[in-house]
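# Structure assessment
Take a look at the letters that make up each chain.
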Amino acid sequence: MTMKVTVEISRVLAAIRPGLAERAELDLPEGATVGDALAAAGLVQGLWGIVVVGGKVADVSTKLSPGDKVTVFPPVSGG
Amino acid sequence: MREMHGYAGTILRVNLSTGTVSREPLSEDLVSGYIGGRGFGAHFIYREVPPGTDPLGPGNKLVVAAGPFSGVFLPSGAKTSFSAKSPATGLYGDSNIGGHLAGELKYAGYDAIIIEGRAQGPSYLFIEDDRVEIRPCEKLWGMGAIKTEKALKDELGDEFQIATIGPAGENMVVFASVNHDIGRQAGRCGMGAVMGSKNLKAIAVRGTKSVPVADMAGLRKVADEMFSALAANAALKVWQDQGLAQVTTWSNSIGALPTRNFRQNFYENAEALSGERMRSDIHVRDKACFACPMATGKYCRARHRGETVFLEGPEYETTALIGSNCALGSIEEVAYANYMCDELGLDTISGGSAVAFAMECFERGIITKEDTGGIEARFGSLDAFVEIVKLIAARKGIGEPLSRGVRAAAAAWGGGSEDFAIQVKGLEWSGYESRGAPSMMLAYMTCDIGAHHNRAWSITHDIAVGRNVIEGKAAKVIELQHVRPLFDCLGVCRLQWVELGLPLEYYARLYPAVTGRQETWDDLLVKSERIWNLVRAFGVRERADFGRADDQPPRRFYTEPVPDGPLAGSRITREDLDRLLDEYYDLRGWDRNGRPTAKTLERLGLGDVAAELLAKGRIS
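Values in this document were obtained by computation on a predicted structure and should not be read as measured data.

### A look at the overall build of chain B
Check the secondary structure of chain B and you find 27 helices and 17 strands. Radius of gyration (C-alpha) of chain B: 23 Å, near the 25 Å computed for a compact globule of 620 residues. Its C-alpha atoms put chain B at 65 × 55 × 50 Å along the principal axes. The burial tally for chain B puts 63% of its 620 residues in the buried class. Looking at chain B alone, contacts between residues at least 24 apart form 70% of all its contacts between residues at least 6 apart.

### Notes on the overall build of chain A
When helices and strands are counted, chain A shows two helices and five strands. Each helix and strand of chain A, placed in order from N terminus to C terminus, yields the pattern β-α-β-α-β-β-β. The globule rule puts the C-alpha radius of gyration for 79 residues at 12 Å, and the 12 Å found for chain A is close to it. Counting only C-alpha atoms and orienting by the principal axes, one finds that chain A spans roughly 40 × 25 × 20 Å. Across chain A, the fraction of contacts at a sequence separation of at least 24, relative to all contacts at a separation of at least 6, is 60%.

### With respect to helix 10 (residues 275–282) of chain B
Regarding helix 10 of chain B, the residues found buried are B:Gly275, B:Arg277, B:Met278 and B:Ile282. Each buried residue of helix 10 of chain B lies within a common arc of 160° when the element is viewed along its axis, so the set occupies one face.

### Some points on the domain arrangement of chain B
Residues and elements named next belong to chain B. Splitting chain B by domain gives domain 1 (10–206), domain 2 (234–428) and domain 3 (438–615). Taking only C-alpha atoms into account, the centre of domain 1 sits 26 Å from that of domain 3. Between domain 1 and domain 3, the residue contacts involve 37 residues of the former and 27 residues of the latter. Listing elements by their share of the side of domain 1 that touches domain 3, those giving two or more residues are helix 1 (28–34), helix 2 (38–48) and strand 5 (92–97). If one sorts the elements of the side of domain 1 that touches domain 3 by residue count, helix 2 sits on top with five residues. In the side of domain 1 that touches domain 3, the residues fall into 18 nonpolar, 15 polar and four charged.

### Structural notes on the interface of chain B and chain A
Of the residues lining the interface, 27 residues belong to chain B; the matching set on chain A comes to 22 residues. At the level of secondary structure, the elements contributing two or more residues to the side of chain B that touches chain A comprise helix 9 (247–253), helix 11 (316–323), helix 19 (459–465) and helix 21 (495–498) of chain B. Looking at the side of chain B that touches chain A residue by residue, the classes come out as 16 nonpolar, eight polar and three charged.

### Remarks on the sheet that holds strand 1 (residues 2–9) of chain A
Residues and elements named next belong to chain A. Pairing in this open sheet of five strands is mixed, and the strands run 2-1-5-3-4 from one edge to the other. Since the sheet does not close on itself, it has two edges, and those belong to strand 2 (23–29) and strand 4 (56–58), each with one partner. The sheet shows a mean angle of 30° between the axes of neighbouring strands, taken without regard to direction. Across three bridges, the pairing between strand 3 (residues 51–53) and strand 5 (residues 69–72) is antiparallel. Bridge pairing links valine 52 to threonine 71 in strand 5.

### Considering the nonpolar core
Residues B:Ala358, B:Ile388 and B:Val389 are the most contacted members of the largest nonpolar core, which totals 245 residues. Ignoring any residue separated from it by four or fewer positions in sequence, one finds B:Val389 in contact with B:Met340, B:Cys341, B:Leu344, B:Leu346, B:Gly351 and B:Val355.

### Remarks on the confidence of the model for chain A
Looking at chain A as a whole, its pLDDT mean stands at 88, while 96% of the residues score no less than 70. Helix 2 (residues 34–40) of chain A holds the highest mean pLDDT among the elements of chain A, 95, whereas helix 1 (residues 11–14) of chain A holds the lowest, 80.

### Considering the sheet that holds strand 3 (residues 62–65) of chain B
Residue and element names in this part refer to chain B. Across the sheet, six strands lie side by side as 2-1-6-3-4-5; this open sheet has mixed pairing. What marks the edges here is a single partner per strand, and that holds for strand 2 (20–25) and strand 5. With strand direction ignored, the average angle separating the axes of adjacent strands in the sheet is 15°. Here six bridges tie strand 4 (residues 80–85) to strand 5, and the two strands are oriented antiparallel to one another. Paired with phenylalanine 82 across the two strands is serine 95, which belongs to strand 5.

### Focus: the pairing of strand 15 (residues 307–312) of chain B
Residues and elements named next belong to chain B. Here strand 14 (residues 297–304) runs beside strand 15; their pairing, made up of six bridges, is antiparallel. What sits directly across from cysteine 300, in strand 15, is leucine 311. Once strand 14 ends, the chain turns through two residues before running back antiparallel as strand 15, passing arginine 305 with a positive phi of about 50°.

### Thoughts on the pairing of strand 1 (residues 10–15) of chain B
Residue and element names in this part refer to chain B. Sheet topology places strand 1 next to strand 2; six bridges connect them, and they run antiparallel. In the sheet register, arginine 13 faces strand 2, and the bridge partner there is serine 22. Turn length for the strand 1-strand 2 hairpin, with the two strands adjacent in sequence and antiparallel, is four residues, and the turn residue glycine 19 shows positive phi of about 75°. Sheet topology places strand 1 next to strand 6 (residues 112–116); five bridges connect them, and they run parallel. Bridged to arginine 13 within strand 6 is isoleucine 114.

About the thresholds
Residues numbered from 1 in each chain as written. Chains lettered and ligands numbered in written order. Predicted model: local features only at pLDDT ≥ 70, side-chain atom pairs only at ≥ 80, totals over all residues. Helix = DSSP H or I, 4+ residues; strand = E, 2+ residues; numbered from the N terminus. Rg over C-alpha atoms; globule rule 2.2 N^0.38 Å. Buried ≥ 20, exposed ≤ 12 C-beta atoms within 10 Å, placed from the backbone. Contact = placed C-beta atoms within 7 Å. Arc of directions from axis to C-beta. Domains from an automatic or database assignment. Nonpolar A, V, L, I, M, F, W, Y, C, P; charged D, E, K, R; others polar. Pairing = 2+ DSSP bridges. Axes fitted to C-alpha atoms, helices over the stretch in contact; angles between N-to-C directions. Core = buried A, V, L, I, M, F, W, Y, C linked by C-beta atoms within 7 Å. pLDDT = per-residue confidence, 0-100.

As structure tokens, this is what we get:
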């Protein structure tokens, strides 16, 4: 069984590498985590700062549910 | 004369030597060429501070400038730029500050103040709309920066916005800061020392006028969209909770956290310095700059040896340079050290770096307890930190060479310490160790004011495209060096864009709405490139030998592999650095010695600058 999950990458983060989409619709296996979704969206470790799922701050081990939206922000750039 | 939408319309010129105050109408050439803020600073410093001027003499000028977005109803139009010839680098320098000063300056009727000369005795500049006075202030001289601001607010009223210096500025420490809003600093490049050299303790401003905008309905529409987007932003809450302190954990995890004078980039005790610990252990309340919903300012409490102090901070840069770089043990220790720097009026980045440099010199035996006056200057000691920054601010003992920056201190102490004096152009390196991030390394090497991250921050680009990849990195650095400083010209904070992802299109729409100028974002980027080249030209005009040699990182970064942490064993090679620079210069239209060609300057509307440098034989 798979589930549909959306990953939204903030525009400023998507701009750092050609081909990184601002929005990705993913089919992931049931029980997949935020880390799985980020990897499937093409994000390697260190690229993300804050990750939000369902309005709450999440981390890579957070389990996803069908229909979840994962919003990804860049690490702080120090202004 | 047509109304200048988005601008107050007047430059205030104050000569402290003669006591004269004059007003100049804002010229169309200045606005269309240089936008505001840092752009105004670059223009006036290049045009009015001739080569050879002593940065700490009366011939230097200090430009305090707002931008067209400052004080206007849009998210965080809060930035004021301070520009001068830097005593830290001997080159053009600037630093900006948030808070509430920029709008107040425009409401008083001025887009910028040009401060010249040197007052006979301690003075402050009083501005209340059309009333401008140079007032004596003997009783404030020697007072801490935070206490001075409070004293002036008590005397003048809370509605005055105040920029002040501490003892370090009075004593002309080359990394003395300008302080404002009880805890914000224009910290870099020694703008506080320039104020001190002019006997100028503070600037107090109150304004009751308004700023004309071209299209009020259009402005409100875009601003409403921006505020709504920010309010709905999923990450806003984290920013409101932790502010910039949240980055410490991430920076450590990717091997970028300066540790023990940049010997390492991973701190085993980083968890004790995290944003979460700031929030749970020492946080008191949140604080925001003008019209900002992010409220990244964090008022904190710190206790040390029976004393309790309150301060704004520590944010990431302070945590990195004072915390891990001096190997302090807790966020409360960092906060106390932060308070000491704020009150003394020292940049926490250069200040932290200077202390870390002294600690490494001490541990290596290059300086001894005899030199330090008995201070056991070892990593991890808050007591040592406090004693050393006091000596720096007073310019006594080991504080004297350190007060001139780590480059000068290394020249004084020798013993191979030049290799680990972590600076470029004389400005200490800010909070990202970059042996594993070539584009970030290049960003520091080529930053126009010295080793600062504000012009280009590109570590995520290195992570995304490959941390050992060299090709193509220069283009990203140049792109960022034009976009990010544009915010400093417009007088608006860039956190809403770069951290919360507010699209740049909003700012492109704001510009014509505020100013009435039908120019695109790309048009503005050309101006930003012009300013970048004008600043470079300042260095070329200043020194016959200025160029590629000024764009070099310390030897540590290409001779010592990272000893531990996630990037253990990695380093960047001398050959890689040369490739990065060659590619960068070529893309910029500079020669391989890092000097803009006449053709490049002419393309950017700087034909007179090209002619001046050609006549001197400095460019071809």
